Amino acid sequence: MASASDFEQAVGSVFTAEIGGRMVSLELTAVRQIAASPRTGGGFTLLFKGPRDIGLPQAIYHLTSDAITDDIFIVPVSGDATGYVYEAVFN
């Protein structure tokens, strides 16, 4: 089971996902603890920053970095001129 500490070491790392034959890069920008989580080991959220030229719909993506490979459900939460922000919740 993934833990916050697994991802805390990867903040700043780029994860890749293959979407429709295209590799999309998502930078892990933050790991935040969820204080009142019933999840064994504690709950947490991950925030990823992706490119502006492709918006990903909420879905499970196979994300790979140098240190971590996992299937993660991400949801778009915001976007601006620099790109989209996605969130994954482990609760």
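Residues numbered from 1 in each chain as written. Predicted model: local features only at pLDDT ≥ 70, side-chain atom pairs only at ≥ 80, totals over all residues. Heavy atoms only, no water.

Enquirer: What should I look at first to understand the overall build of the protein in this one?
Expert: Each helix and strand in the protein was counted, giving one helix and six strands. Beginning at the N terminus, the succession of helices and strands in the protein can be written as α-β-β-β-β-β-β. Rg of the C-alpha trace for the protein: 13 Å, near the compact-globule value of 12 Å for 91 residues, within the 12% margin. Along the first, second and third principal axes, the C-alpha set of the protein runs to 35 × 25 × 20 Å. Out of the 91 residues in the protein, the part that is buried amounts to 36%. At a minimum sequence separation of 6, the contacts of the protein that also span at least 24 residues come to 51%. Just so you have it, the protein exposes about 5100 Å², and 50% of that area is on carbon and sulfur atoms. Computed over 5 positive and 10 negative side-chain charges, the separation of the two mean positions in the protein equals 8 Å. (Helix = DSSP H or I, 4+ residues; strand = E, 2+ residues; numbered from the N terminus. Rg over C-alpha atoms; globule rule 2.2 N^0.38 Å. Buried < 20%, exposed > 50% of the residue type's maximum accessible area, 1.4 Å probe, protein only. Contact = heavy atoms within 4.5 Å. Areas by Shrake-Rupley, 256 points an atom, 1.4 Å probe, with all protein chains shown as cover. Lys, Arg positive; Asp, Glu negative; His and termini not counted. Charge placed at Lys NZ, Arg CZ, Asp CG, Glu CD.)

Enquirer: Could you clarify how one ought to interpret the packing of aromatic side chains in this entry?
Expert: To describe a pair of aromatic rings, you give the distance between the ring centres and the angle between the ring planes. Within this structure, the stated rule accounts for five aromatic pairs. Residues phenylalanine 7 and phenylalanine 90 carry aromatic rings whose centres are separated by 6.0 Å and whose planes lie at 40 degrees to one another, so their mutual orientation is tilted. Of this pair, phenylalanine 7 sits in helix α1 (residues 4–8) while phenylalanine 90 sits in strand β6 (residues 83–90), and the two are 83 residues apart along the sequence. In this structure, phenylalanine 7 and phenylalanine 90 share a single accessibility class: buried. (Phe/Tyr/Trp six-rings, centres within 6.5 Å; stacked < 30°, edge-to-face > 60°.)

All we've got here are geometric facts, nothing functional implied.
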